[in-house]
Amino acid sequence: MRGIEGSESTDAFVTHRNLLFTVAYEMLGSAADAEDVLQETWLRWVDVDLTEVRDQRAYLVKIATRQALTRLRTLGRRKESYVGSWLPEPLLTAPDVADDVELADSVSMAMLLVLETLTPTQRAVFVLREVFDLPYDEIAEAVGKTESAVRQIAHRARAHVAERRPRGIVTPAQTRTVLEAFQRAVQTGDLQGLLDILSPDVVLLGDGGGVKQAVLRPIHGADKVARVLTAGLGRVGDAGSMHPAQVNGHPALVFQLHGELDSVLAVRFDEGRISGLYAVRNPEKLSHMDRETTLRR
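From a predicted model like this one, the values you see are computed outputs, not experimental measurements.

Confidence along the protein chain averages 93 in pLDDT terms, with 97% of residues attaining 70 or more. The element-level mean pLDDT for the protein chain is lowest in helix α12 (residues 222-236), coming to 85, with strand β2 (residues 219-220) highest at 98.

Here the focus is the pairing of strand β5 (residues 260-270). With nine of eleven residues buried, β5 lies mostly within the body of the structure. As defined by bridge partners, strand β4 (residues 250-257) adjoins β5 across five bridges and the pair is classed as antiparallel. Paired with Q256 across the strands is L261, a residue of β5. Between β4 and β5, which follow one another and run antiparallel, lie two residues, and H258 among them has a positive phi close to 55°. Sheet topology note: the β5/strand β6 (residues 273-280) ladder contains seven bridges and is antiparallel. By the bridge assignment, V264 is partnered in β6 with V280. Hairpin connection, β5 to β6: the antiparallel pair is bridged by two residues, and E271 has positive phi, about 55°.

Inspection of every chain in the model, using the stated rule, returns three aromatic pairs. Centroid distance F21 to Y25: 6.1 Å. Interplanar angle 5°. Geometry classified as stacked. Taken together, the residues F21 and Y25, both in helix α1 (residues 2-28) and four residues apart, mark about one turn of the helix. Here the two residues F21 and Y25 agree in accessibility, since each one is buried. In this structure, K62 packs its charged tip against the face of Y59, placed 4.2 Å from the ring centre. Between R129 and the ring centre of Y136, over which it is positioned, the NZ or CZ distance is 4.1 Å.

About the cut-offs
- Residues numbered from 1 in each chain as written.
- Predicted model: local features only at pLDDT ≥ 70, side-chain atom pairs only at ≥ 80, totals over all residues.
- Heavy atoms only, no water.
- pLDDT = per-residue confidence, 0-100.
- Helix = DSSP H or I, 4+ residues; strand = E, 2+ residues; numbered from the N terminus.
- Buried < 20%, exposed > 50% of the residue type's maximum accessible area, 1.4 Å probe, protein only.
- Pairing = 2+ DSSP bridges.
- Phe/Tyr/Trp six-rings, centres within 6.5 Å; stacked < 30°, edge-to-face > 60°.
- Lys NZ or Arg CZ within 6 Å of the ring centre and 35° of its normal.

Structure follows, in structure tokens:
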């Protein structure tokens, strides 16, 4: 019997693995930590008596959520001592992620940074309700709260995110067009060209993790950001190159130096202009850029 049950446990875990990874990644903003949550979820799942499980998907999500919440609190302490700005870990995503507009929006670098402003429990409730549409009773069991408390948490989290999420709808085609103009302007040192597509209050964040050189503090304002970009890439010259890629469900730019992956540049759009630039250079955060990651709801 144990062999049959073990096979059923494995099949269920494999079936929902991409979903569980997506839940953990949206809660943590870290693919490496999401993978660890998957491992911890599996170790607990194999000891579960399946005859007592009514809904295997819901049960697995509950385990993963609890493990992610524990890790999220630890991650928060790590961020306090992080060198420079902390940015989510970029993922090279499959094209079908962009086809699911709600999923792509929820895993965008801009949205993940908005989710960083929530408490761990608020983040878990928001992700499970708004992204994965789980019933309140299942969310309550996953986060260890009453259903009425979860409803209140969800309401507050929804309002908090609504105030901070990107304004205006930008299609992937529009994003690609602006990124092409951005790439041309940066590579040719066209300062005015950059100013034309940057929002006046644009912010540039860089994540080198203390390993690679990056801006240690956010740089605000179109003029300052444009000058930093043109000066920095101007020094690189022919040794560097840029190419577009699908990152976290959205068009982004990948920068290579001497033919090796150096950094990933994701963007936030507000009302048609670039309002946020997120440059990830920390090598530990670029390990998922060599293969496509499948995300599922």
